[in-house]
Amino acid sequence: MSSLKIGIAQLNPIVGDLAGNAARILESAIEAKQFGVDLLLTPELSLCGYPPRDLLLNPGFIEEMSKQLADLARQLPENLSVLVGFAGNNPRSILAGEKPLFNSTALLNSQGIQEVFHKRLLPTYDVFDENRYFASGKESHYFHLHDLKIGVTICEDVWNDEEFWGKRQYAVDPIADLAALNVDLIVNLSASPYSIRKQILREDLLAHSAKRYQIPIAYVNQVGGNDDLIFDGHSVAFNRQGEVIYRAPGFTSSLEILEFENDFSPASLYPIPETEEEEIYRALVLGVRDYTEKCGFKKAILGLSGGIDSSLVASITTDALGRENVLGVMMPSPYSSEGSITDALALVHNLGIQCEKLAIQEAMTAYDRLLEPLFAGTSFGVAEENLQSRIRGNLLMALANKFGHLLLSTGNKSEMAVGYCTLYGDMNGGLAVIADVPKTRVYSLCHWLNRQKEIIPPNVLTKAPSAELKPDQKDQDSLPPYEILDEILDRLIEQHQSSRQIIEAGFDPETVRKVVKLVKNAEFKRKQAPPGLKISDRAFGTGWRMPIASRWS
Ligand SMILES: NC(=O)c1ccc[n+]([C@@H]2O[C@H](COP(=O)([O-])OP(=O)(O)OC[C@H]3O[C@@H](n4cnc5c(N)ncnc54)[C@H](O)[C@@H]3O)[C@@H](O)[C@H]2O)c1
Ligand SMILES: Nc1ncnc2c1ncn2[C@@H]1O[C@H](COP(=O)(O)O)[C@@H](O)[C@H]1O
Ligand SMILES: N[C@@H](CCC(=O)O)C(=O)O
Ligand SMILES: O=P(O)(O)OP(=O)(O)O
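No experiment lies behind these values; they were computed from the predicted model shown. (Residues numbered from 1 in each chain as written. Chains lettered and ligands numbered in written order. Predicted model: local features only at pLDDT ≥ 70, side-chain atom pairs only at ≥ 80, totals over all residues. Heavy atoms only, no water.)

Novice: Would you mind showing me how to read the nonpolar core here?
Specialist: Within soluble globular proteins, side chains that are nonpolar generally end up buried alongside one another. Core analysis: the largest hydrophobic core is formed by 48 residues, its most contacted members being L304, L312, I316, V433 and I434. For this core, the secondary structure elements donating two or more residues are α7 (276-294), β16 (300-303), α8 (308-321), β17 (326-330), α9 (339-351), β19 (406-409), α13 (439-449) and α14 (458-462). For this core, the element with the most residues is α7, which contributes 8 residues. Counting residues in each nonpolar core, the second largest holds 38 residues, with I25, L40, L72 and V127 among its members. (Core = buried A, V, L, I, M, F, W, Y, C linked by side-chain atoms within 4.5 Å. Buried < 20%, exposed > 50% of the residue type's maximum accessible area, 1.4 Å probe, protein only. Helix = DSSP H or I, 4+ residues; strand = E, 2+ residues; numbered from the N terminus.)

Structure, rendered in structure tokens:
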């Protein structure tokens, strides 16, 4: 049987940057050619980046994509085939009443577009909404290269192994269809977003299919952050025994070359991060870096309270952007503890970032005076408390606006779930870095960060969480202990359990009912929150579509 050199281009495209993404693909192709590569694989929709969302509804965008695809082919080095992901028109759309586009892969070489393959299984759950734009490809097929039959699949096409899941998710299984066509190799072009330990699931699934059909599989995944989604890369290849013979590094672009002769020869195997904490931290660093850079910012700003959430976000941002690009602002009020300054300063020292101090007492007094006639006869309450948060939010946004920085908000998933945050206050910002990280995980990430040397000051790890909006206030005065709250939230949000099921699992009925009500009532806040980086299987982002004015809980 013939041999083949396959290049895996784990690319980080910018959504909508058609010319820039084409240039990235071309650069990889030229480099791959220097290593004698015959076939280069790029991720799903590599020309427009994933997910392009409603850019796909713009006919001019689709037209330009097809032009870029043809131009790219013409510039390719000779004797190199490249699989490029693109969205193209569905000619049957009007006659057959199908969606107007296909999610496709073109086989290109310097002679032009040789063949086109369409994605068959269109995910429409969680953050995916592909039925909104695409029609399903009707069949699976392959192309010939060096006398090899190479079957082409796109992302979800390989996620329907009935034997693996114990049930069929879709009526057809593209892998089974390609196996029936006796292909020598299956390639999969993916844009599979990160969630905790998802790579283990991907590898178990693909290993099962490779072994089941005795067909080697090469899987190339997109890498990089696009808005709320983080793509971890971790492209991987399996021999026909279902063994992993190659794994790309996670969270970074790469180009690797695999030798194929009847089967894959073993190649480099970058490890999966050892701990969940390492994995999550690296994902968040990539998410912050790419959001910042792809939106055209260089520097970021955040409020430093000496608390654990802002400390973690400051550390992530420092690793993402470099310490010279992070500005922390301390904004004490008369209710702030001494630690809000000393702990923030210890963090600033450990990270080496810039720091400014703006005491907010004067602004509070001015607000109180202005509101006095209207608030007369009422007692001090949440509205007055929240003024501090809103003054801080305003000051931060003024600084971000003045100096062209990106304001990062620091609320964690537990707070976002129950609405323990102030609209137009600490919720201000362009990106919510830890909005999908529960408070208990915030702690474990900080402990992990400190594994070799102190990054998060010890006092930050040990003091009780507090909004410090009134004397001696503690989160735990208003909320159940975070260990309990987070478990209830996990059951409710990620495991889709009802209050009854959670109570039956042994949780205090009154606490469960209170949490469920808080989550429902905070929907209006989450709708106005900045995009949050997704790390779980169910984040409060594009995959969470709850009504606001509703009765069901
Ligand atoms: N700011 C912080 O730093 C911080 C941190 C942690 C916790 N907290 C706590 O979070 C809480 C924030 O208080 P809050 O929730 O009253 O503040 P909020 O002002 O952010 O939200 C409440 C207000 O939102 C509006 N609203 C309510 N339901 C709505 C709906 N369905 N649609 C549109 N608007 C609606 C109403 O005007 C209501 O008064 C406080 O208990 C505070 O201690 C604040
Ligand atoms: N004293 C403060 N200085 C700067 N920034 C602050 C201060 N207090 C709060 N913040 C910011 O708001 C969020 C939320 O505060 P909680 O302590 O969770 O209520 C915090 O992370 C800071 O960014
Ligand atoms: N189900 C897959 C694939 C989605 C896709 O086709 O983009 C995933 O979660 O990664
Ligand atoms: O938001 P922070 O940083 O103030 O953390 P905490 O809420 O734990 O005080």
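Novice: Even after reading the chapter, I still don't get the site of ligand 1, so can you show me in this structure?
Specialist: In the vicinity of ligand 1 there are 15 residues, among which S389, R390, T422, L423 and K525 approach most closely. Within the backbone of C421, a nitrogen or oxygen atom sits 3.3 Å from an oxygen atom of ligand 1. With respect to ligand 1, the side chain of D426 contributes an N or O atom lying 3.1 Å from a nitrogen atom. For the shell around ligand 1, the secondary-structure elements that each account for two or more residues are α11 (382-403) and α19 (523-527). (Near = heavy atom within 4 Å. Polar contact = N/O pair within 3.5 Å; in protein donor to acceptor, adjacent residues only side chain to side chain.)

Novice: Sorry, what's going on with the layout of surface pockets here?
Specialist: In this approach, a probe sized like a water molecule rolls over the atoms, and the result shows the empty space that is left. Considered as a void within the structure, the second largest pocket measures approximately 530 Å³ in volume. Lining the second largest pocket are 24 residues; nearest its centre among them are Y125, F128, W159, K198 and L201. (1 Å grid on protein atoms, 1.4 Å probe; cavity = no way out; pocket = protein on both sides within 12 Å on 5 of 7 lines; lining within 4 Å. Points joined across faces, edges and corners; volume = space filled by probe spheres on them.)

Novice: What's the story with the UniProt feature "active site" (unreviewed entry) in the chain in this structure? I'm lost.
Specialist: UniProt tags E44, K119 and C155 as "active site" (unreviewed entry). Spatially, the listed residues are clustered: although they cover 112 residues, their C-alpha atoms lie within 9.5 Å of one another. Lining residues of the second largest pocket, restricted to the annotated ones just named, are C155. Turning to its location among the elements, E44 is positioned in the loop between β2 (39-41) and α2 (59-75). Once residues lying within four places of it in the same chain are set aside, the contact partners of E44 are Y50, G85, N103, K119, E130, I154, C155, L189, S190, A191 and Q222. Tracing the sequence through the fold places C155 in the loop between β7 (148-154) and α4 (162-165). Once residues lying within four places of it in the same chain are set aside, the contact partners of C155 are E44, K119, N188, L189, S190, A191 and S192. (UniProt positions renumbered as here; feature names shortened; annotations may be inferred. Contact = heavy atoms within 4.5 Å.)

Novice: It is not clear to me how unusual backbone geometry should be interpreted in this structure. Could you clarify?
Specialist: Where the residue is not glycine, phi is negative for most of them; where a peptide bond is considered, it is trans in most cases. The residue after Y50, namely P51, is reached through a cis peptide bond having omega 0°. Along the polypeptide, P51 turns up in the loop between β2 and α2. Of note, R53 is a non-glycine position whose phi angle comes to about 50°, a positive value. Mapping R53 onto the fold places it in the loop between β2 and α2. Residue R53 is classed as partly exposed on the basis of its relative accessible area, which comes to 25%. Even without glycine at this site, Q214 takes up a positive phi of about 55°. Tracing the chain through its elements places Q214 in the loop between α6 (198-213) and β9 (217-221).

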